[in-house]
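Structural features, examined
As a plain string of letters, each chain reads:
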Amino acid sequence: MSTEEGVAGVAAAPDDDHTLWAAAGNGDRQAFTALYHRHADAVWRHAHRLTGSPTAAEDVLAATFLTAWRRRSDVRFAADSARPWLLAVAGNEARTERRRSGRHERLAHRVGAAPAVRDHSDAVVAQIDDRRRLHRVLAALDELSADHRAVVELCMIAELPQADTARALGIPEATVRSRIHRARARLRVLLAEEVR
Amino acid sequence: MNELGLPPAPPLPPEVRERALRTVLDGMDSPIGRASRPAPYAAAAASLVAVAATIVAALSSGGGPGEPLLPAGTPVTVVAPTIAPTVEPVEPLPASDLPAPSGDPATDTALARCAAAVVRSGRAAEYPPTTQWQSTNHLGTGAVESQLTVDDSFGCLVTPGSVAVSGVAADTATGVQVVRMSPGLLVVLNPQERRFTVGSGPQAWSDTARVTFLPLSMLQDDGVPLDSTDSLADVPVTVDGGSAGTLQDAVPALTVVDRALPHRADSPQSAELAACLARLPVDVYTDPELWIPVGRHDGGGTGPDAIVARIGDIAVGYCVDDPGGGPTFTGAPLPAPGDRPQRILAYRGGSWALLITAPPGVTRVEARPAIGPGDPQPCTMVDGLALCTLDDDGPVSAADGQDMLVTAFTEAEPQGIVM
């Protein structure tokens, strides 16, 4: 199957995610490819935020949809959009990627050390500020416990509701709230400029 | 910018889109895919995949598929948190007044309810034409409620039985307006993107967003989250460092009760459920009285007791008497009907619980620990659902991340379906 088929499939497929996923569950690659094209951009953006690198985001994008394909028969949808589920998978893939690759070293390589300002044009300064901020945030996430980091990634980066995060992690909502509260307090210390 | 101040990510370049798709398509032919990944991480991914499907429903829930809007001519109640209810006739919203489709049916359904609430209440002149409305953010909250930001200008809270719409930001002296959307939820309208702060001290909430949904539970008084019974007169609001009053000055949202849903009647089981729901932050369910108990699960000494509840055909949930955390309620949208049992809602605290659908044909459901000894324990079948609970006897999980194996037996598949 060529990727062109997938593009054509999107253009010709008005089906909702539920219908497409049901077809994918029966091995329909065109339906799965249509799902890919529908959600690839959102998954890419989330992965880019979690990795700070277009190269890593591409890896995560592909890994997310491969995982989704392999697990396609396990998934059941209660609503019409697959996007939140795919974002959750992408977050997990991004964490796995960072851990597997040696997070600190690769992160420093990809994001780069906080660069010196050499150009005072607004655009360049803003870009450098963004990279610095990303560097700080990803480094701060590494300071959190695994439990807190998982909740922060789902609630504050993927911006999923706390109740859904609770269900995803299999913990009470009250626990999510307390973890978010404690994580936010910790992040306020680590990221005084970003988290208020 | 999100809460962590992360910059917006760039769009997916077309060449990357195609290259990644090619990788996926090639990998789909591989029997092991990314088998080189360390096993613990793959297990973690599988665990997240298994439970994350429940995210989808709540994120995109617009109020539920099973409860139609009230027919034309039916009275609806227009209420506001701080003013006396009034009654307005229902006028059906013609298709020509609906916002343009967004491509997301759940968002379209929720936005249509928001638009209908404005039009039906005779307040349409205070808003942009409904045909021009666009949802610029749609977030699910709790099991069945969702928050929409419309045109990056005002907010709408959609619950199973009602809709609350903030006004469009008034031209106030401070440039910021706080709106009470429900007893536990505020919206801060900030069209000039000024720096506002709600509360004081390290627990204050500060932002520059044009529209901010702010649960009261996110604010604290001496370390205790606020709830709807607390006085808001002591919670300051500042804009650009200057005083802008207190939360007591919040104006009420336009609230329309647009769906006729039954409320919980008094009974011992209702009282128990009410006490369980009361342990949740006040913003999780705008009207917790809509949760109605439908049965009790007896843990039989091998798991905690629980009460199963539902909101019509919209949502189901249960209160599990967790030995670690006490009575704990969790809910989820009811999935679309199917012939086979479906997982709905798993719980993992000081015990395990799983709620599944039990369509006709399911004869029994049983649960046992995924690892270690343990005889199968019967699950309780009630109202087309089955609830299983087990005590948590250890930290171990199966390789796929599951703690409890649930098997549903049907007439067609008497060997059982592992959920």
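For the structure itself, consult the block above.
Residues numbered from 1 in each chain as written. Chains lettered and ligands numbered in written order. Predicted model: local features only at pLDDT ≥ 70, side-chain atom pairs only at ≥ 80, totals over all residues. Heavy atoms only, no water.

Structural notes on the pairing of strand S27 (residues 385-391) of chain B
Regular strands place their side chains on alternate faces of the sheet. All names here are of chain B. With 6 of its 7 residues buried, S27 lies for the most part within the structure. Pairing of strand S23 (residues 351-357) with S27 involves 7 bridges; the strand directions are antiparallel. Of the residues in S27, the one forming a bridge with Ala-353 is Thr-389. In terms of strand pairing, strand S26 (residues 380-382) meets S27 through 3 bridges, oriented antiparallel. Its bridge partner lying in S27, Val-382 is registered against Leu-385. As consecutive antiparallel partners, S26 and S27 are separated by 2 residues, and within that stretch Asp-383 has a phi angle of approximately 55°, a positive value. (Buried < 20%, exposed > 50% of the residue type's maximum accessible area, 1.4 Å probe, protein only. Helix = DSSP H or I, 4+ residues; strand = E, 2+ residues; numbered from the N terminus. Pairing = 2+ DSSP bridges.)

Thoughts on the pairing of strand S6 (residues 162-165) of chain B
All names here are of chain B. Burial along S6 is two-sided: the residues Ser-162 and Ala-164 and Val-163 and Val-165 are all buried. Across 3 bridges, strand S5 (residues 154-158) lies against S6 in antiparallel orientation. The partner of Val-158 across the bridge, within S6, is Val-163. Counted between consecutive antiparallel strands, the loop separating S5 from S6 contains 3 residues. Bridging between S6 and strand S17 (residues 254-257) involves 4 bridges; their strand directions are antiparallel. Counterpart to Ala-164 in the pairing with S17 is Thr-255.

Structural notes on the packing of helix H3 (residues 29-51) of chain A against helix H1 (residues 14-28) of chain B
In the contact formed by H3 of chain A and H1 of chain B, the axes pass within 11 Å of each other and the chain directions differ by 135°. Relative to H1 of chain B, H3 of chain A is oriented oblique. As H3 of chain A packs across H1 of chain B, the resulting crossing turns out to be right-handed. Residues Arg-29, Phe-32, Thr-33, Tyr-36, His-37, Ala-40, Asp-41 and Trp-44 of chain A of H3 of chain A touch H1 of chain B, and the partners they reach there are Val-16, Arg-17, Glu-18, Ala-20, Leu-21, Val-24, Leu-25 and Met-28 of chain B. (Axes fitted to C-alpha atoms, helices over the stretch in contact; angles between N-to-C directions. Parallel < 35°, antiparallel > 145°, perpendicular 65-115°, else oblique. Left-handed = near helix turned anticlockwise from the far one by under 90°. Contact = heavy atoms within 4.5 Å.)

Here's the deal with the sheet that holds strand S28 (residues 404-410) of chain B
Residue and element names in this part refer to chain B. The sheet built from 4 strands is open, its strands ordered S25-S24-S28-S29 with antiparallel pairing. A strand with exactly one partner marks an edge of an open sheet, and here the two such strands are strand S25 (377-378) and strand S29 (417-418). Taken together, the 2 bridges between strand S24 (residues 362-369) and S25 define a ladder with antiparallel strand orientation. Note on S25: the bridge partner recorded for Ala-367 is Gln-377.

Some details on the state of the cysteines
Residue and element names in this part refer to chain B. In total, this model carries 3 disulfides over all chains according to the counting rule given. Across a sulfur-sulfur distance of 2.0 Å, Cys-114 and Cys-156 are joined as a disulfide pair. Between Cys-114 and Cys-156, the S-S torsion sits near -95°, and that sign places the bridge as left-handed. With a gap of 42 residues between them, Cys-114 in helix H3 (residues 105-120) and Cys-156 in strand S5 connect regions that are remote in the sequence. In this pair, the class of Cys-114 matches that of Cys-156, namely buried. The disulfide partner of Cys-276 is Cys-319, and the S-S distance across this bridge is 2.0 Å. Disulfide Cys-276 to Cys-319: torsion about the S-S bond roughly 95°, handedness right-handed. Taken together, the residues span a long stretch of sequence, with Cys-276 in helix H4 (residues 268-277) and Cys-319 in strand S20 (residues 315-322) at a distance of 43 residues. Summarising the burial analysis for this pair, Cys-276 and Cys-319 share the class buried. (Disulfide = S-S within 2.5 Å.)

Some thoughts on unusual backbone geometry
Residue and element names in this part refer to chain B. Positive phi values are uncommon outside glycine, yet Asp-151 reaches one of about 55°. Here Asp-151 lies in the loop between strand S4 (145-150) and S5. Residue classification places Asp-151 among the partly exposed positions, given a relative accessible area of 25%. Although it is not a glycine, Asp-152 adopts a positive phi angle of roughly 55°.

Points about helix H2 (residues 17-25) of chain A
Residue and element names in this part refer to chain A. Of the positions making up H2, those classed as buried are Asp-17, Leu-20, Trp-21 and Ala-24. What you see down the axis of H2 is that its buried residues fit within an arc of 95°, all on one side. Of the residues flanking the end of H2, it is Gly-27, one or two places downstream, whose phi is positive at about 95°. (Arc of directions from axis to C-beta.)

Details of the pattern of salt bridges
All names here are of chain B. For the coordinates displayed, the defined rule picks out 12 salt bridges over all chains. When the shortest N-O distance is used, the salt bridge between Asp-240 and Arg-194 registers 2.9 Å. Highlighted residues: Asp-240 in the loop between strand S14 (236-239) and strand S15 (242-246) and Arg-194 in the loop between strand S8 (185-189) and strand S9 (196-198), separated in sequence by 46 residues. Residue Asp-240 is classed as partly exposed on the basis of its relative accessible area, which comes to 45%. Of the charged contacts in the structure, one is a salt bridge between Glu-366 and Arg-364, with a shortest N-O distance of 2.8 Å. Among the charged side chains, a salt-bridge network with shared partners connects Arg-310, Asp-313 and Asp-383. (Salt bridge = Lys/Arg side-chain N within 4 Å of Asp/Glu carboxyl O.)

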